[in-house]
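The residues making up each chain are set out below.
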Amino acid sequence: VVNFAVSEGSVSSTTATTGSDGKANINWTLGTTLGTQTLTVTAFKAGGTTALSDSPISVKTICRPPNITDTDGNSYKTVKIGNQIWMAENLINTEGGYVPTVAGNAAWGALADNNTAMGTYKTVYSNRIYTWAAAMGATTTNNKGICPTGWHIPSKVDFEELISFLGGYSKAGAKLKSAVTSTQAGTDYWLQSAHNGTNENGFNAFANGYRDNNNSAFGGFFTDAGYTTYFWTSTQAGGTQANSFFLKNNSKDIFLGKHAKSFGFSIRCVKD
């Protein structure tokens, strides 16, 4: 006998009996509340009074907000975490061609800190990384940047709210990173380590690395794929620098950074 209970929504039956194959089937209809919803499954020995070892188990799923579309027509999954709604994918918008693509390493390395530029970097999905000026777009009104209407480039405070909800700097990194299986390990995902991500809230951050700036010996190269990912904030940290948050393959932490605006980092928009 197997009992089923849900935190949201409903199940077609709260009790089912396993067949000869050891399976018990029910249908779970999700509730309307955005975010994580949980199905609790408790299996009992014959007679229905003594729970089996390792029982109950919890199955979690994420009820997502609607997708959003940018000015180029790209569609993005979104996710509610705490009281915030975030993009669950990296931005790839050019704002109708406003952001130029800089392909060559030397050309990127020669960018000034106030230059607008974008680099295209292929990982498991099409990913684009941007200078800070490109992220902020033609206008910085309400920090919209090149995010879709009703969304904005997250500030340092926006990220801090997310981090606080996920348990602080020492825990949030693992929860934000995409989960990695043995068949996915490599530079398209996170290199295997003791601190692989759980992605329990659906943020799904991949290890796409970043693009170096003109102050580095690498001179505009893409680097650190499989090891790190960096996200710009709208918060400046001096005339030529801005804050970023980044994740590492070998840590459960999330880290606050301060980098020259000519670095190439990813963007996740947050809803106004």
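We now turn to the structure provided with this report.

Conventions we followed
- All residue numbers refer to position in the chain's written sequence, counted from 1.
- Only residues with pLDDT of 70 or above have their local features reported here, since the model is predicted, and side-chain atom pairs are shown and tallied only from 80 upward, although totals for entire chains, interfaces and linings are computed over all residues.
- Side-chain measures were taken over the full set of non-hydrogen atoms in the model, leaving aside hydrogen atoms and water.
- By salt bridge we mean one thing: a side-chain nitrogen of Lys or Arg within 4 Å of a carboxyl oxygen of Asp or Glu.
- Strands here mean DSSP runs of E at least two residues long; helices mean DSSP runs of H or I at least four residues long; both are numbered from the N terminus.
- Buried means the residue's accessible area, taken with a 1.4 Å probe over protein chains only, is under 20% of the maximum for its type, while exposed means over 50%, and partly exposed covers the values in between.
- Strand pairing follows a simple DSSP-based rule, namely that at least 2 bridges must link the two strands.
- To qualify as a nonpolar core, a set must consist of buried Ala, Val, Leu, Ile, Met, Phe, Trp, Tyr and Cys residues joined through side-chain atoms within 4.5 Å.
- The contact criterion used throughout is that any non-hydrogen atoms of two residues lie within 4.5 Å.
- Any two rings among Phe, Tyr and Trp, with Trp reduced to its six-membered ring, count as a pair given centres within 6.5 Å; such a pair is stacked if its planes are under 30 degrees apart, edge-to-face if over 60, and tilted if neither.
- Two thresholds decide whether a charge sits over a ring: the Lys NZ or Arg CZ must be within 6 Å of the ring centre and within 35 degrees of the ring normal.

Focus: the pattern of salt bridges
Going through the model one piece at a time under the given rule, you end up with 2 salt bridges. Taking the shortest distance from any N to any O, the salt bridge between Lys144 and Glu95 comes out at 3.6 Å. Placement of Lys144 in the loop between helix H2 (132–136) and strand S13 (151–152) and of Glu95 in the loop between strand S10 (84–87) and helix H1 (105–109) is noted, with a sequence separation of 49 residues between them. Here Lys144 falls in the partly exposed class, since its relative accessible area comes to 22%. Looking at Glu95, the relative accessible area reads 25%, which means it is partly exposed.

Section: the pairing of S10
Across 4 bridges, the pairing between strand S9 (residues 78–81) and S10 is antiparallel. From the neighbouring strand, Ile81 faces S10, where its bridge partner is Gln84. As consecutive antiparallel partners, S9 and S10 are separated by 2 residues, and within that stretch Gly82 has a phi angle of approximately 65°, a positive value.

What about the nonpolar core?
Counting residues in hydrophobic clusters, the biggest one holds 26 residues, and the most contacted among them are Met87, Leu91, Tyr130, Trp151, Trp232, Ile267 and Cys269. Put simply, the parts of the chain that give this core at least two residues each are S10, H2, strand S16 (228–236) and strand S17 (241–248). The leading source of residues in this core is H2, at 4 residues. Ignoring any residue separated from it by four or fewer positions in sequence, one finds Ile267 in contact with Glu89, Asn90, Leu91, Tyr130, Ala135, Ile146, Ile153 and Phe231.

Examining the packing of aromatic side chains
On inspection of all chains with the given rule, the structure shows 14 aromatic pairs. Judged by centre distance (6.1 Å) and plane angle (75°), the ring pair of Tyr210 and Phe265 falls under edge-to-face. Here Tyr210, found in strand S14 (residues 210–211), pairs with Phe265, found in the loop between strand S18 (254–260) and strand S19 (270–271); they are 55 residues apart in sequence, far enough to count as distant. For the pair Tyr210 and Phe265, a shared accessibility class is recorded, and that class is buried. Pairwise contacts between aromatic rings join Tyr210, Tyr230, Trp232, Phe246, Phe255, Phe263 and Phe265 into one cluster. A cation sits over an aromatic face here: Arg211 above Phe222, 4.5 Å from the ring centre.

Regarding unusual backbone geometry
Residue Ser55 is joined to Pro56 through a cis peptide bond whose omega torsion reads 5°. We note that Asn199 has phi near 50°; this positive angle belongs to a residue other than glycine. As for its position among the elements, Asn199 is in the loop between helix H4 (169–176) and S14. Of the residues examined, Asn199 reaches a relative accessible area of 18% and is grouped as buried. Even without glycine at this site, Asp224 takes up a positive phi of about 70°.

Details of the sheet that holds strand S6 (residues 57–63)
Strand order in the open sheet formed by 4 strands is S3-S1-S5-S6, and the pairing between neighbours is antiparallel. If you trace the sheet from one side to the other, it starts and ends with strand S3 (15–16) and S6, each paired once.

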